Each structure stands twice: as structure tokens, then as C-alpha cells.
Amino acid sequence: MDRPNYITPAGYAALRQEYEALFAVEQPKLVDTIAWAAGNGDRSENGDYIYGRKRLREIDRRLGWLSKRMKAAKVIDPGRQEDRSKIWFGATVTIADEDDNERILTLVGDDEADAGQGRVGWNAPLVRALRGASVGDLRRVVLPAGEREYEVIAIAYPTA
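This is a predicted model, so every value here is computed, not measured.

Colleague: How do you make sense of the side chain of Thr94 when you look at a structure like this?
Modeller: Note that Thr94 resides in strand β3 (residues 92–96). When sequence neighbours within four positions are dropped, the list of residues in contact with Thr94 reads Glu102, Arg103, Ile104, Glu151, Val152, Ile153 and Ala154.

Colleague: Would you mind going over empty space enclosed by the protein with me for this structure?
Modeller: Rolling a probe over the atoms, with the probe sized like a water molecule, indicates the empty space that remains. Counted according to the given criterion, the structure contains one cavity of 30 Å³ or more. Considering only enclosed or pocket space, the largest cavity measures out at about 30 Å³ in volume. Lining the largest cavity we find Pro4, Asn5, Tyr6, Arg69, Gly109, Asp110, Trp122 and Asn123. Considering only residue class, the lining of the largest cavity consists of three nonpolar, three polar and two charged.

Colleague: Any chance you could explain the pattern of salt bridges here in plain terms?
Modeller: Opposite charge on two side chains makes pairing possible when the charged atoms of those side chains draw close. Overall, the coordinates contain 13 salt bridges when judged by the stated rule. Lys54 is the partner of Glu58 in a salt bridge, and the nearest nitrogen-oxygen pair spans 3.6 Å. Pair noted here: Glu58 and Lys54 are both in helix α2 (residues 47–72), with a separation of four residues, about one helical turn. The class for Lys54 is partly exposed, based on a relative accessible area of 45%. A salt bridge links Glu58 to Arg55; the nearest nitrogen and oxygen atoms lie 3.3 Å apart. Separated by three residues within a single helix, Glu58 and Arg55 lie in helix α2, roughly one turn from each other.

Colleague: Explanation requested: the packing of aromatic side chains in the structure shown.
Modeller: Following the criterion strictly, the structure yields four aromatic pairs and no others. Seen in terms of ring centroids, Tyr6 and Trp122 are 6.1 Å apart; in terms of plane orientation they differ by 90°. Their pairing is edge-to-face. Highlighted residues: Tyr6 in strand β1 (residues 5–7) and Trp122 in the loop between β5 (119–121) and α3 (125–130), separated in sequence by 116 residues. Judged by its relative accessible area of 23%, Tyr6 is partly exposed. Residue class for Trp122 comes out buried when judged on its relative accessible area of 9%. Where Tyr19 meets Phe23, the ring centres are 5.9 Å apart and the plane angle is 10°; that geometry is what we call stacked. Here the residue Tyr19 and the residue Phe23 both occupy positions in helix α1 (residues 9–38), the gap between them amounting to four residues, near one helical turn. For Phe23, a relative accessible area of 45% gives the class partly exposed.

Colleague: Looking at this structure, how should I read the environment of Tyr150?
Modeller: When you line up the elements, Tyr150 lands in strand β7 (residues 146–156). Taking relative accessible area as the criterion, Tyr150 reaches 6% and is therefore assigned buried. If we ignore the near neighbours within four places in the chain, the residues touching Tyr150 are Ile95, Ala96, Asp97, Arg103, Leu126, Asp137, Leu138, Arg139, Val141 and Leu143.

Colleague: When you look at unusual backbone geometry in this model, what are you seeing that I'm missing?
Modeller: Apart from glycine, the bulk of residues carry a negative phi angle, and the bulk of peptide bonds sit in the trans form. Residues other than glycine seldom take positive phi values, yet Asp100 does so here, at roughly 60°. Tracing the chain through its elements places Asp100 in the loop between β3 and β4 (102–108). The exposure class assigned to Asp100 is exposed, which follows from its relative accessible area of 64%.

Thresholds, definitions, all that
Residues numbered from 1 in each chain as written. Predicted model: local features only at pLDDT ≥ 70, side-chain atom pairs only at ≥ 80, totals over all residues. Heavy atoms only, no water. Helix = DSSP H or I, 4+ residues; strand = E, 2+ residues; numbered from the N terminus. Contact = heavy atoms within 4.5 Å. 1 Å grid on protein atoms, 1.4 Å probe; cavity = no way out; pocket = protein on both sides within 12 Å on 5 of 7 lines; lining within 4 Å. Points joined across faces, edges and corners; volume = space filled by probe spheres on them. Nonpolar A, V, L, I, M, F, W, Y, C, P; charged D, E, K, R; others polar. Salt bridge = Lys/Arg side-chain N within 4 Å of Asp/Glu carboxyl O. Buried < 20%, exposed > 50% of the residue type's maximum accessible area, 1.4 Å probe, protein only. Phe/Tyr/Trp six-rings, centres within 6.5 Å; stacked < 30°, edge-to-face > 60°.

Given below as C-alpha cells:
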């Protein structure tokens, strides 16, 4: 990876929890099912065997991906941010566009982004434009819908 994989402690815990669930629970159950299905004879028309092998490959791929992401993760606690006057990782930011439409965004790691919940990934174009801004700053960003200008209304960080 050419850039660090910033992530909050909660985001890292979620990745770790998914890894543990797949590795310790789902994968062993699936191996048992595949072994049982293989013992039933003809594997070419054995749905449990065919589906089990396919699902096992999916789990193995996901485990590999999770492992790489956790290894590259740089866990940052937003509550320990020293400069709270500027927008940095973990900030919750209120911005307004040219039409005075306000949005509240929380800047999180790319692996924990959820636009529906207002959690935007650290490498998203809007967040890249907002990095380092202070209250009152105007920032231009090119989005798929066109170029927009946003004003920073408020910046907040969780308490440590």
C-alpha cells in the first residue's frame, strides 16, 4: 500500500471481530460440512459439497483481505487529537455548501466508511479537500455531481 490505512480503535476492533468470527466459527463449521458431504459419495452433484467449497474459498479470500488490512492499519484515537482547531482524522465536521445546506460528517478510515451514517473515508475527495481546514475556511472540491464549495461551520472531536 502506498498510503497508511488509518483507522479508529472501534474500526480496528470491528475488523478483528469479523476476522475472529470467520476464522474461529464459520470456517471450522464449513470444513465439517464439506467433510460430511464428501463422505456421501458422488461429489459432482452434491450441493453441500459444491456450495461448501465455494463458500470456503470466499472465506479464505476475506480472511486474507482482513489480515492485510489489519497488518497495514495505523490505529489513531481521535480523542487524543492535539490540534482540535483544524480538521484531522476522526473529526466530526459540520459543513455548508453554496445553498446553505448543512451536512455533518465524521472522518474515519476507509474500511469503516458508511455514507448513510455520515462516516466518510479519509481518502474520499471531500475529506481530502477538508483536511487541515479551520472553522470559517472555504474549500472547493470536485465531486461527480460537479464542483462545489463548502464552508466549515464546526469541528468537534470525541473526548479521550
